[in-house]
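Each chain, letter by letter, is given below.
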Amino acid sequence: QKEVEQDPGPLSVPEGAIVSLNCTYSNSAFQYFMWYRQYSRKGPELLMYTYSSGNKEDGRFTAQVDKSSKYISLFIRDSQPSDSATYLCAMSAGAAGNKLTFGGGTRVLVKP
Amino acid sequence: NAGVTQTPKFRVLKTGQSMTLLCAQDMNHEYMYWYRQDPGMGLRLIHYSVGEGTTAKGEVPDGYNVSRLKKQNFLLGLESAAPSQTSVYFCASDSGGLAKNIQYFGAGTRLSVL
């Protein structure tokens, strides 16, 4: 079993809809949680960063972390065609080396 | 503002050939990483470095070697390429420390081993 599980999709939504993405994990030592966005043939770029449990909002993006359930979510409101990308969750225990463990990524398609 | 630069962008190798992938960062970051990305597998850590002259094994180190002779450069070597090493390779760097460990990624190197 993978340490971080993420549905590969693709997730297809109409423009303006809410996109809901999530990851589950098994390592209770994880305390730093990130969402990266990766466009086709590009490197990942950090979208959201959360420490420990709770919610964080940044514009149209909301990240939620529930450490008791080992479950994290990313919501994209008022989705745009430019949001079409692969979204990767990543986690870290904060140990030396800042090593990240990634989910497999969910491909999202926002149709105009 | 170059950030993290990877060379080459594409490469085709024959089984048994060797090659070196170069990663350069201009952000004065302490930590650097090499990942590989395969369909459905996310990014898996190959090797990493927490400073000039240091290297450490990640999750999938077999068949690869690395060197960090200068702070800004991190080299990934394949001594004898195998078809299983066909993948997209990403280099990343961050400033180190536990607070907000944001990793910045390069654009990737697509490698095919025939």
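For the structure itself, look to the data block above.
Predicted model only: the values in this text are computed from it and were never measured.

**A few points about unusual backbone geometry**
Working step 1: Pro10 of chain A follows Gly9 of chain A through a cis peptide bond whose omega is 10°.
Working step 2: Position of Pro10 of chain A among the secondary structure elements: in the loop between strand E1 (4–6) and strand E2 (11–14).
Working step 3: Following Thr7 of chain B, the chain continues to Pro8 of chain B via a peptide bond in cis, the omega torsion being -5°.
Working step 4: By the element assignment, Pro8 of chain B lies in the loop between strand E1 (4–7) and strand E2 (10–13).

**Examining the interface of chain A and chain B**
Working step 1: Contacts between the two partners involve 23 residues from chain A, matched on the other side by 26 residues from chain B.
Working step 2: Overall, the association of chain A and chain B removes approximately 1,900 Å² of surface from exposure, summing both partners, and the carbon and sulfur fraction of that is 53%.
Working step 3: Three residues, Arg41, Asn98 and Phe102 of chain A, lead the burial of chain A against chain B; their summed loss comes to 27% of the area buried on that side.
Working step 4: There are zero salt bridges connecting chain A and chain B.
Working step 5: Inspection of the region where chain A meets chain B yields two residue pairs in polar contact (both at pLDDT 80 or more).
Working step 6: Element by element, the count of residues in the side of chain A that touches chain B is highest for strand E4 (residues 32–38) of chain A, at four residues.
Working step 7: Its residues placed into classes, the side of chain A that touches chain B shows ten nonpolar, eight polar and five charged.

Here is what the cut-offs are and how they apply
- Residues numbered from 1 in each chain as written.
- Chains lettered and ligands numbered in written order.
- Predicted model: local features only at pLDDT ≥ 70, side-chain atom pairs only at ≥ 80, totals over all residues.
- Heavy atoms only, no water.
- Helix = DSSP H or I, 4+ residues; strand = E, 2+ residues; numbered from the N terminus.
- Contact = heavy atoms within 4.5 Å.
- Buried area = accessible area lost by both parts, 1.4 Å probe.
- Salt bridge = Lys/Arg side-chain N within 4 Å of Asp/Glu carboxyl O.
- Polar contact = N/O pair within 3.5 Å; in protein donor to acceptor, adjacent residues only side chain to side chain.
- Nonpolar A, V, L, I, M, F, W, Y, C, P; charged D, E, K, R; others polar.

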